[in-house]
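So the chains spell out like this:
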Amino acid sequence: MILVGLLLFAVVFLGVGWAVSTEMFQHRAWRRRVESGDTDIVAALVEEALASWRRGRPPRGTPASLWAGVQAAQLMAVEASGVTVSTSAQGEFRAEGAARVQVASALDEAIALAARLLDMIMYDVPNLRLGYVRVDVYSTFTGADGTPQQLPILTVTGDRATADEMTWEALTPEEILGRFEANFQRAPNGQPLPIELAPVPGVAPRPTEQAAAEFAASLERRDG
């Protein structure tokens, strides 16, 4: 019985060690590809993080409206040094008596959302340390013909050097955006005004399956 137990322990130990080693080598390979300027792997890592946030529940203390904006974020462009993501924000209302009263404008929500996404993409994407992150936030307006349309109300670009010097927890969302290159405008009534966006740097991310297939083919050509 002792021999059987030792054999079982050895099998489990070797299995766990193999799994840990395999994952370690995989992470190392991803980091090497990032360092080489491979935009496909940068996009894949960000997309995987966005997908995990869409599947996840809101962290404790995070308003549902804020987490919904995080889950709606989409990767728009990528380059070796950074990425651009977009999402949307709407005003928050609550019931007061028989009426629904606005307690936060779409711009208030956009500021909080942009600050959270900057933090998460800069620090919560495994194997990736981006030089910059740009977040564009849209909101819904009524067009001239009465149909709804989404227009940008906020854009912010966070750079790594500034981000690493900040104490994020000690700052309000508006103070965080004030440390970076941000653009938004309020109307006299506090509501957001549409803004013009600067051209988005980088290229649109390729479908992960296509990028992975081309990478596998390149390995086969190299090894062949």
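Preceding this paragraph is the structure being described.
In short, a report on the structure. (Residues numbered from 1 in each chain as written. Predicted model: local features only at pLDDT ≥ 70, side-chain atom pairs only at ≥ 80, totals over all residues. Heavy atoms only, no water.)

Observations concerning the overall build of the protein chain
Basically, it comes down to this: Helix and strand definitions here come from DSSP, where helices need a minimum of 4 consecutive H or I residues and strands a minimum of 2 consecutive E residues; each element is numbered from the N-terminal end. The criterion used for residue contact is that any of the two residues' heavy atoms lie within 4.5 Å. Surface accessibility in these figures is a Shrake-Rupley result with a 1.4 Å probe; residues are shielded only by whichever protein chains are displayed.
The secondary structure content of the protein chain amounts to seven helices and seven strands. Helices and strands in the protein chain line up, N terminus first, as α-α-α-β-β-β-β-α-β-β-α-α-β-α. In the protein chain, the proportion of contacts linking residues at least 24 apart, taken out of those at least 6 apart, comes to 60%. Counting only carbon and sulfur atoms, one obtains 58% of the accessible surface of the protein chain, whose full area is about 13,300 Å².

Remarks on the packing of aromatic side chains
Here is the rule: Two rings from Phe, Tyr or Trp (for Trp, the six-membered ring) form a pair when their centres are within 6.5 Å of each other. A pair whose planes differ by under 30 degrees is stacked, one over 60 is edge-to-face, and the rest are tilted. For each residue, the accessible area found with a 1.4 Å probe, counting protein chains only, is set against the maximum for its type, and the residue is called buried under 20%, exposed over 50%, and partly exposed in between. By definition here, charges over rings are those cases where NZ of Lys or CZ of Arg is within 6 Å of the ring centre and within 35 degrees of the ring normal.
For the structure shown, the criterion picks out two aromatic pairs. With centroids separated by 6.0 Å and ring planes inclined at 80°, the aromatic side chains of Tyr 123 and Trp 168 adopt a geometry described as edge-to-face. One end of the pair, Tyr 123, is in helix H4 (residues 106–123); the other, Trp 168, is in the loop between helix H5 (160–165) and helix H6 (173–178), and 45 residues separate them in sequence. Overall, the relative accessible area of 35% leaves Tyr 123 in the partly exposed class. Note on Trp 168 and Phe 180: the rings are 6.0 Å apart at their centroids and 40° apart in plane angle, and the pair reads as tilted. In this pair, Trp 168 is assigned in the loop between H5 and H6 and Phe 180 in the loop between H6 and strand E7 (181–184), connecting sequence segments twelve residues apart. Ring pairing ties together the aromatic residues Tyr 123, Trp 168 and Phe 180, which thus form one cluster. Positioned above the aromatic ring of Tyr 123, the side-chain terminus of Arg 160 is 5.0 Å from the ring centre.

Digging into the sheet that holds strand E1 (residues 74–79)
Definition in use: Pairing between two strands requires that DSSP report at least two bridges joining them. All axes are obtained by fitting lines to C-alpha atoms, using only the stretch in contact for helices, and the reported angles, taken between N-to-C directions, cover 0 to 180 degrees.
Strand order in the open sheet formed by five strands is E1-E2-E5-E6-E7, and the pairing between neighbours is mixed. One side of each edge strand has no neighbouring strand; the edge strands of this open sheet are E1 and E7. Neighbour-to-neighbour, the strand axes of this sheet turn through a mean angle of 20°, independent of strand direction. Note that strand E6 (residues 148–159) and E7 share four bridges and pair antiparallel. If you follow Thr 157 over to E7, its bridge partner there is Glu 181. Here helix H2 (residues 39–55) sits on the sheet in contact with E1 and strand E2 (82–88), set at roughly 160° to E1. The strands that H4 touches are E2, strand E5 (132–142), E6 and E7; relative to E6, the one it contacts most, it runs at about 45°.

A few points about the environment of Glu 47
With respect to the helices and strands, Glu 47 occurs in helix H2. Classification of Glu 47 as partly exposed rests on a relative accessible area of 27%. The spacing of Glu 47 and Pro 205 is 158 residues in sequence and 9.3 Å in space, taken between C-alpha atoms. Residues contacting Glu 47, with those up to four places away along its chain left out, are Leu 75 and Pro 205.

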